[in-house]
Amino acid sequence: KYLCRNNRATGARSGFVRISLTGPDEVKVPDEARDAFEEVLISGLKKNDVVSRYSGNFYVIFNGGDPESYEGIVKRITAKWKENAVFAKYEVTTEIESVG
């Protein structure tokens, strides 16, 4: 409700993204890989964006900006993640929704 009210007041748009990491052949993703992904994720976002980690997934609220740009931001973060050879085997999947 807050995001919708804020969006109406400011004329901005917000987005909600669920990001999941999966291992090859359904192997469990270790905590160290999730921690490393969280660092890449946080460093790739604006200070107004919000990240939460719950039940093995990451939830991001993009505060403001153009909803069409959210997918590009997630792709950039995923590309940065894939640069790390140790963790590149873990697949990143996303679901993106516009709020408001």
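Conventions and cut-offs
Residues numbered from 1 in each chain as written. Predicted model: local features only at pLDDT ≥ 70, side-chain atom pairs only at ≥ 80, totals over all residues. Heavy atoms only, no water. Core = buried A, V, L, I, M, F, W, Y, C linked by side-chain atoms within 4.5 Å. Buried < 20%, exposed > 50% of the residue type's maximum accessible area, 1.4 Å probe, protein only. Helix = DSSP H or I, 4+ residues; strand = E, 2+ residues; numbered from the N terminus. Contact = heavy atoms within 4.5 Å. Arc of directions from axis to C-beta. Expected span 1.5 Å × (residues − 1).

Colleague: Before we go on, may I ask you to explain the nonpolar core in this structure?
Modeller: A general tendency of soluble globular proteins is for nonpolar side chains to be buried together. Formed by 21 residues in total, the largest nonpolar core has its most connected members in Ile-19, Phe-37, Leu-41, Phe-62 and Trp-81. Of all the secondary-structure elements, those providing two or more residues to this core are β1 (14–22), α2 (31–43), β3 (57–62) and α3 (67–82). Those residues within four positions of Phe-62 in sequence are excluded, and the remaining contacts are Arg-13, Ser-14, Gly-15, Val-17, Leu-45, Asp-49, Tyr-70, Ile-73 and Val-74.

Colleague: Where do I start with the environment of Leu-45 in this structure?
Modeller: In this structure, Leu-45 sits in the loop between α2 and β2 (50–54). Sequence separation between Leu-45 and Tyr-70 is 25 residues, and the spatial gap between their C-alpha atoms is 10 Å. If we skip the residues at most four places from it in the chain, Leu-45 touches Val-51, Val-60, Phe-62, Ile-73 and Ile-77.

Colleague: Just to check I follow, could you spell out helix α1 (residues 2–10) for this structure?
Modeller: Because an α-helix packs 3.6 residues into every turn, residues spaced three or four apart end up facing the same way. By the burial criterion, the buried members of α1 are Leu-3, Asn-6 and Asn-7. Along the long axis of α1, the arc covered by the buried residues comes to 100°, so they all point the same way. Exposed and facing more than 90 degrees away from the buried side of α1 are Arg-8 and Ala-9. Those residues of α1 hidden inside the fold are in contact with β1, β3 and β4 (91–99). Remark: Gly-11 follows α1 within two positions and exhibits a positive phi of approximately 80°.

Colleague: I tried to follow α3 on my own but got confused; where do I start?
Modeller: For α3, with 16 residues, the first-to-last C-alpha span of 24 Å sits near the 22 Å given by 1.5 Å per residue. The complete set of buried residues in α3 reads Pro-67, Tyr-70, Ile-73, Val-74, Ile-77, Thr-78 and Trp-81. Axial view of α3: buried residues confined to an arc of 135°, hence all on one face. Along α3, exposed side chains directed more than 90 degrees from the buried face belong to Glu-68 and Lys-75. Looking at the buried residues of α3, the elements they touch are β1, α2, β3 and β4.

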